[in-house]
Amino acid sequence: MNAELRQQLEAKAREIRKSIVRMTGAAGSGHPGGSLSAADIVTVLYFHELRLKPEEPDWDGRDRFVLSKGHAAPVLYAALAEKGYFPKEELLTLRKLGSRLQGHPDLKSLPGVEMSTGSLGQGLAVANGMALAGKLDNKDYRVYALLGDGECQEGMVWEAAMAAAHYRLDNLAAFVDHNGLQIDGPVTEVMSPEPLTDKWKAFGWHVLSIDGHDLKQILSAIEEAKKTKGRPTVIIAKTVKGKGVSFMEDQVGWHGVAPKPEQVTQALAELE
Amino acid sequence: MTKIATRDAYGKALVRLGEINKDVVVLDADLAGSTKTAKFRDKYPERFFNMGIAEQNLIGTAAGLALSGKIPFASTFAIFATGRAFEQIRNSVAYPNLNVKIAATHAGLTVGEDGASHQALEDIAVMRAVPNMTVIVPADGVETEQAVFAAAGHQGPVYLRLGRPGVPVIYGEDYRFEIGKANLLRPGKQVGLVAAGIMVSIALEAAEALQAEGIDAAVLNMSTIKPLDEEAVIQLAKTTGALVTAEEHNILGGLGSAVAEVVAEHCPVPVLRVGVEDVFGQSGTPGELLAEYGLTKEKIVEKAKEAIARKSL
Ligand SMILES: Cc1ncc(C[n+]2csc(CCOP(=O)(O)OP(=O)(O)O)c2C)c(N)n1
Ligand SMILES: [Mg+2]
């Protein structure tokens, strides 16, 4: 990754983080913690990797991204707005009556949203379906899914994991946003999903472990996934929940609480 | 008027129940703070099990605990309890008729800003369709606390439907809830309003508004939706000749359907249903959503007049 690209992506990631803070602040509710932890992964995907045509959201050759941890909708909306799918001002309508920016992504209302999510555990299976269709139709699009580490407690995640390996879905890659926290506490205390790496390996996946805030590592992991044939790749990304906003970082309480106006101001200042 | 969320009353009641009955155990699925089972967790950590984000396992584990003499209360949001774990509830709880209490919070539109994916509007319908299941939708905090104790005292599966925001307290401490018994909150001769959950206090307001227009409306709190108090429904249908039902649920399959089934079989009179008209919800504040989807005093008044007009047809 050259310096120019890194700077570009860093700037995008900052913009996305600022949007997350602004929009949850304006909404007065929502999930900043898990949105911020995923910001760098989403940035690399949307501003470097995914082949998309924002002016033609339904273009059938596009790469697909399924936000399985749908409560992180703000990070997706921020990226889509930045990408030009809709005006950035609209971000401030998040969670308001009549808004296209529903509390959890609604594919019917907002262009660029590939799947309606919000009920945890369901996204990977849907991504599998997209990947299977791609193979069936000889299309070269790739499918990405983003899961939470708490989400990995859902049985359906492992049903889908088994199926993706069984059907050798090498056109699919999953990210696990491994921020170590869920709602009721640290994932290892609530219901440990560890050892995550060994589990995914045992399910037949190619497993990569990276620092989920290191843009270069994210980028190389995606490259390696693309080169991996015959099986799907999972990228276990070690992240910090609330990353980028000092008072939110690694705080379980910032899972589903919006910043107050003065906290928005402080957070935006930190992100400058 | 004092407002208490039924989920708060549930959390409080669980702690009291846990003190009296050592067989009571509580399970949650990473939402203990929201469902208010955290209160029980903090008091009796050894009798609390967080199952993580795994609702099917939550229900299955509760079934095993019930088979071993415990009285499990399993909690999560209504959509995940009755949606994700529906078949576990049917086949591992209701079919073997196990003593599992499913206490689900954040039911209905008043979930608010989380939007449609989190707003259970079909849970009453599916729970009602399962044999052996008792379905309770308390109207306020007082009734909730009593329903928790009644559920614990009842042998067999119970679905307790609870909400997120505060709702007006309509009952005094002398009120006695009984499973399967509707409560006539207000007598009336011209039209009967049959409501459940948060719609009970709104139906009371509607009855006041109707009174101001010279229309005498009865209000019946149908807090047990199954087994339905058929006697009370038939009685009300006979004395008023027209019914309006009100529920925070799809009008298909819920309270309105249950009432209409009884009325159609025993004493046909007009029954009009107020509820969500077979659409998904969306993000918004609870108040905005109730207004947007017609779960209002005004709507009940309008339907009451329409029901009365239909009597003479
Ligand atoms: C099936 C289901 N159960 C429960 C919830 C409620 N819920 C929303 S977010 C969350 C915690 C998610 O934790 P994690 O997957 O680790 O997400 P992150 O830390 O990345 O925000 C829960 C339990 C849900 N959305 N879906
Ligand atoms: Mg997490």
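This is a predicted model, so every value here is computed, not measured.

Cut-off values and rules
Residues numbered from 1 in each chain as written. Chains lettered and ligands numbered in written order. Predicted model: local features only at pLDDT ≥ 70, side-chain atom pairs only at ≥ 80, totals over all residues. Heavy atoms only, no water. Helix = DSSP H or I, 4+ residues; strand = E, 2+ residues; numbered from the N terminus. Rg over C-alpha atoms; globule rule 2.2 N^0.38 Å. Buried < 20%, exposed > 50% of the residue type's maximum accessible area, 1.4 Å probe, protein only. Contact = heavy atoms within 4.5 Å. Areas by Shrake-Rupley, 256 points an atom, 1.4 Å probe, with all protein chains shown as cover. Lys, Arg positive; Asp, Glu negative; His and termini not counted. Charge placed at Lys NZ, Arg CZ, Asp CG, Glu CD. Donors = N, O, S within 2.8 Å, 3.2 Å for Na, K, Ca; no water. Domains from an automatic or database assignment. Buried area = accessible area lost by both parts, 1.4 Å probe. Salt bridge = Lys/Arg side-chain N within 4 Å of Asp/Glu carboxyl O. Polar contact = N/O pair within 3.5 Å; in protein donor to acceptor, adjacent residues only side chain to side chain. Core = buried A, V, L, I, M, F, W, Y, C linked by side-chain atoms within 4.5 Å. Nonpolar A, V, L, I, M, F, W, Y, C, P; charged D, E, K, R; others polar. Phe/Tyr/Trp six-rings, centres within 6.5 Å; stacked < 30°, edge-to-face > 60°. Pairing = 2+ DSSP bridges. Axes fitted to C-alpha atoms, helices over the stretch in contact; angles between N-to-C directions. Right-handed = clockwise from strand over helix to strand, strands pointing away.

*Asks:* Run through the overall build of chain B, naming residues and quoting values.
*Replies:* Within chain B, the secondary structure is distributed over 13 helices and 14 strands. In summary, chain B has a C-alpha radius of gyration of 19 Å against a globular reference of 20 Å for 313 residues, a match within 12%. Relative to its full complement of 313 residues, chain B shows a buried share of 63%. Long-range contacts, defined as pairs at least 24 residues apart, comprise 79% of the intrachain contacts of chain B with a sequence gap of at least 6. A total accessible area of about 11,300 Å² is found for chain B, and carbon and sulfur atoms account for 52% of it. Looking at charge distribution, chain B has the averaged site of its 30 positive side-chain charges lying 3 Å from that of its 37 negative ones.

*Asks:* Could you give an account of the coordination of the magnesium ion (ligand 2), with specific residues and numbers?
*Replies:* Residue and element names in this part refer to chain A. The protein atoms donating to the magnesium ion (ligand 2) are Asp149 (OD), Asn179 (OD1) and Leu181 (O), with metal-donor distances spanning 2.1 to 2.2 Å. Mapping the donors of the magnesium ion (ligand 2) onto the primary sequence gives the spacing D-x29-N-x1-L. For Asn179, a relative accessible area of 6% gives the class buried.

*Asks:* Please set out the domain arrangement of chain B residue by residue, giving values where relevant.
*Replies:* As a measure of interface size, the accessible area lost when the parts come together is often cited. Residues and elements named next belong to chain B. When cut into domains, chain B gives domain 1 (3-168) and domain 2 (183-311). Centre-to-centre separation of domain 1 and domain 2, based on C-alpha positions: 25 Å. Each partner contributes residues to the interface: domain 1 has 31 residues there, and domain 2 has 34 residues. Roughly 2,300 Å² of surface becomes buried between domain 1 and domain 2 when both sides are summed, with 58% attributable to carbon and sulfur atoms. Considering only the surface of domain 1 that becomes buried against domain 2, Leu109, Leu121 and Arg128 emerge as the three largest contributors, covering 30% of it. On inspection of domain 1 and its partner domain 2, the count reaches 1 salt bridge. Here Arg128 ties to Glu261 by a salt bridge, and the two come within 3.0 Å at their closest N and O atoms. Applying the counting rule to domain 1 against domain 2 returns 20 residue pairs in polar contact (both at pLDDT 80 or more).

*Asks:* Which residues make up the nonpolar core, and what are the values?
*Replies:* Of all hydrophobic cores here, the largest spans 57 residues; its most connected members are Leu45, Tyr46, Phe65, Tyr77, Phe86 and Phe175 of chain A. No other element matches helix α4 (residues 73-83) of chain A, which puts 8 residues into this core. Those residues within four positions of Phe65 of chain A in sequence are excluded, and the remaining contacts are Val42, Leu45, Tyr46, Leu50, Leu76, Glu114, Tyr144 and Leu146 of chain A. Among the nonpolar cores identified, the runner-up in size contains 54 residues, and Leu31, Ala63, Met133 and Val262 of chain B belong to it.

*Asks:* How would you sum up the pattern of salt bridges? Please name residues and give values.
*Replies:* This structure, assessed with the given rule, holds 31 salt bridges over all chains. With a shortest N-O distance of 3.3 Å, Asp140 of chain A and Arg51 of chain A are connected by a salt bridge. Of this pair, Asp140 of chain A sits in the loop between α5 (123-136) and β2 (143-148) while Arg51 of chain A sits in the loop between α3 (39-49) and β1 (64-67), and the two are 89 residues apart along the sequence. Looking at Arg51 of chain A, the relative accessible area reads 34%, which means it is partly exposed. For the salt bridge of Arg161 of chain B with Asp123 of chain B, the shortest nitrogen-to-oxygen distance reads 2.8 Å.

*Asks:* Could you give an account of the interface of chain B and chain A, naming the residues involved and the relevant values?
*Replies:* Chain B puts 23 residues into the contact, and the matching count from chain A is 23 residues. Across the chain B to chain A interface the summed buried area is about 1,900 Å²; carbon plus sulfur atoms make up 44%. Taken as a group, Asp30, Ile53 and Arg84 of chain B account for 32% of the area that chain B buries against chain A, more than any other trio of residues on that side. Linking chain B with chain A are 2 salt bridges, by the criterion used here. Viewed at the interface, chain A and chain B are joined by 16 residue pairs in polar contact (both at pLDDT 80 or more). Only α2 (32-35), α5 (78-84) and α12 (286-292) of chain B provide two or more residues apiece to the side of chain B that touches chain A. No other element matches α12 of chain B, which puts 3 residues into the side of chain B that touches chain A. In the side of chain B that touches chain A, the residues fall into 7 nonpolar, 9 polar and 7 charged.

*Asks:* Account for the packing of aromatic side chains, naming residues and giving values.
*Replies:* Counted under the stated rule, the structure contains 9 aromatic pairs over all chains. Residues Trp158 of chain A and Phe203 of chain A carry aromatic rings whose centres are separated by 5.0 Å and whose planes lie at 50 degrees to one another, so their mutual orientation is tilted. Here Trp158 of chain A, found in helix α6 (residues 155-166), pairs with Phe203 of chain A, found in the loop between α8 (196-202) and β4 (206-211); they are 45 residues apart in sequence, far enough to count as distant. A residue is classified by how much of its surface remains accessible, and Trp158 of chain A, at 12% relative accessible area, is buried. Ring centres of Tyr10 of chain B and Phe73 of chain B lie 6.4 Å apart, and the angle between their planes is 35 degrees; this geometry places the pair in the tilted category.

*Asks:* How would you summarise the sheet that holds strand β11 (residues 217-221) of chain B if you had to cite specific residues and measurements?
*Replies:* Residues and elements named next belong to chain B. One open sheet accounts for 5 strands, arranged β9-β11-β10-β13-β14; its pairing is mixed. One side of each edge strand has no neighbouring strand; the edge strands of this open sheet are β9 (183-186) and β14 (271-276). This sheet shows a mean twist of 25 degrees between the axes of neighbouring strands, independent of strand direction.

*Asks:* Hey, could you go over the pairing of strand β13 (residues 243-250) of chain B for me, with residue numbers and the actual values?
*Replies:* Note on strand geometry: in a regular strand, side chains alternate between the two faces of the sheet. All names here are of chain B. The element β13 is extensively covered by neighbouring structure, given that 8 of its 8 residues are classed as buried. With 4 bridges connecting them, strand β10 (residues 191-195) and β13 associate as parallel partners. Residue Ala195 lies in a different strand from β13, and its bridge partner there is Ala246. Of the pairings in the sheet, the one linking β13 to β14 comprises 5 bridges and is parallel in character. Within β14, the residue paired with Thr245 across the bridge is Arg273. Note on the crossover from β13 through helix α11 (residues 255-266) to β14: the handedness is right-handed.

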